[in-house]
Amino acid sequence: MATDDLGRTLRRLRRLAALTQEDLAERSEVSVDVIRQLEQRRKHSARLPTLHALANGLGVELTTLLGDPPAVSTGENDGPRFVAVRRAIMPALWGAQPTPPRPDFSLATLREQIADGWTQYHAAEFDTVMKALPDLISDARAATLGDDEAAGFAALGKALQLAGHVAVRMGKTDLALISLERAIEAAGQSSDPLLRPMIVNSVAWAYQRQGRLADALSIALHAAGDVQRGGHTDTADGLKVWGALTMSAATSAARGNDYKRAAELMAGAEAEAARVAKLPQGSDSRMISVFSPSSVRIERVRLAVQYGHPEDALALAKGMRLSKDTPPSWRTWLLLDVARAHTDLGEAAGAVKALESLRRVAPTWIQHHTLAVAIVRDLWALPNHPPGLRSLAEFLGVAD
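Sequence order sets the numbering: in each chain, residues are counted from 1 along the sequence as written. Totals for whole chains, interfaces and linings use every residue, but because this is a predicted model, local features are given only for residues with pLDDT of at least 70 and side-chain atom pairs only at 80 or more, for both listing and counting. Only hydrogens and water are set aside when side-chain values are computed; all heavy atoms of the structure are taken into account.

Lay out the overall build of the protein chain with the relevant residues and their values.
Every helix listed is a DSSP run of H or I at least four residues long, and every strand listed is a run of E at least two residues long, numbered separately from the N terminus. If you tally the helices and strands in the protein chain, you get 21 helices and 0 strands. For a compact globule the rule gives 2.2 Å times the number of residues to the power 0.38, and the radius of gyration it is set against comes from C-alpha atoms. Relative to the globule expectation of 21 Å for 400 residues, the C-alpha radius of gyration of the protein chain, 21 Å, shows essentially globular dimensions. Each principal axis of the C-alpha distribution contributes one length, and for the protein chain these read about 65 × 50 × 40 Å. Each residue's exposure class comes from its accessible area (1.4 Å probe, protein chains only) as a fraction of the maximum for that residue type: buried when under 20%, exposed when over 50%, partly exposed otherwise. In the protein chain, which comprises 400 residues, the share counted as buried stands at 53%. The contacts of the protein chain with a sequence gap of at least 6 include a subset with a gap of at least 24, amounting to 70%. On the protein chain, roughly 18,000 Å² of surface is accessible, and the fraction owed to carbon and sulfur atoms is 50%. Contacts are assigned to residue pairs with any non-hydrogen atoms lying within 4.5 Å of each other. For the accessible areas, the method is Shrake-Rupley and the probe is 1.4 Å, while residue cover comes only from the protein chains on display.

Report on the side chain of Arg141, specifying residues and quantitative values.
Structurally, the position occupied by Arg141 is in helix α8 (residues 126–143). When charges are tallied, Lys and Arg are placed among the positive residues and Asp and Glu among the negative ones, while His and the ends of the chain are skipped. Between Lys or Arg on one side and Asp or Glu on the other, a salt bridge is scored when a side-chain nitrogen of the former is within 4 Å of a carboxyl oxygen of the latter. Although buried, Arg141 forms no salt bridge, and the nearest oppositely charged side chain, Glu185, lies 8.6 Å from it. Excluding residues that lie within four positions of it along the chain, Arg141 makes contacts with Ala88, Ile89, Pro91, Pro98, Leu156 and Leu160.

Any details on unusual backbone geometry? Residues and values, ideally.
Despite not being glycine, Glu29 shows a phi value in the positive range, around 60 degrees. As for its position among the elements, Glu29 is in the loop between α2 (21–28) and α3 (32–39). With a phi angle near 60 degrees, Trp94 is a residue other than glycine that sits in the positive phi range. Looking at the secondary structure, you find Trp94 in the loop between α6 (80–89) and α7 (107–122).

Before we move on, can you summarise the side chain of Ser329 with the specific residues and values?
Mapped onto the fold, Ser329 is located in helix α17 (residues 328–344). Accessibility expressed as a relative area gives 1% for Ser329, which makes it buried. Those residues in contact with Ser329, other than ones at most four positions away along the chain, are His122 and Trp365.

Give a description of the confidence of the model for the protein chain that names residues and reports values.
Every residue carries a pLDDT, the predictor's confidence in it, which falls somewhere between 0 and 100. Overall, the prediction assigns the protein chain a mean pLDDT of 89, with 95% of residues at 70 or greater. Here residues 69–77 is modelled with pLDDT under 50, and outside its nearest four sequence neighbours on either side it reaches 15 contacts, counting other chains as well.

In structure tokens, the structure reads:
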């Protein structure tokens, strides 16, 4: 896999982890000379197994090392659409203050628009979401001055949480954390006891992307404990929030090489997931955390790949039936991990089959995901191309 930013990203993540090149070489079992050449940009490419090893040594997702999504600027000079999102998250000093909502304003309509934004986000329609976000945030701020102040703050919290997720996807984790911290402030003024822990889970994800694994683990466990102590796991919504936080904690533990703790947390999440369908259902599923037996199994597949057990990953994925509310983003992660497992085992045909399925069910995601490009690049370098690979390579711009 080749990228102009690989060396720069590798150096930044290594320094964030407080590792020397020699430390990373020891933890990843990758030659220090390879690491040095990549960071000095004397070497611009690495095979997928090498990238796996480096990501594991750094304690980050492979996509964090590769960059996700691939075609977005990492500098400060962003396009006007993203600048508008920045301004919505962080209004200019001494700028115009929010005003009460106009007479024809409908809080119910705003909530529906925010829920639609989450659907578009999970479908990788990032440009559409960025176009809508400034108005959503502005309308939500106005709603906090309306008749139902608490509901207005709840809407503002969800809109800023959405902005934080988009910022992470654009590679702007510091901006994401600003948006998420403001979302937590708004959640504190709402009447929704689950909103704050949901946003904390987003913060944990941003910390993971920054390599702050201990911080991500700590806050996820703390928030999950708060949900449980508050008695909220007796409702479907509360259990979903608890479960998502618990899985997030497991992921952080795994990437920090504490596989035993990760396995314990995932076992606890899996035991509880079956209760979701039996409990009283709550709010719009688009506005609540994703947690179900399907999501637990998807995360177990992911962790098996992270552990370096591709056979286990494929066994877990075999015959899996996803629930109807599994978002396209989660289906994407599953199929990518299946493709990664096949690639790690040298099964090119299986990897192509998984990627072809991904192209059918989530064509936008496969174009945004650098891991898909990395897998196809590795397969394209093989002397014998399995059926279907050329079409994928041409679709992703990998073919010669």
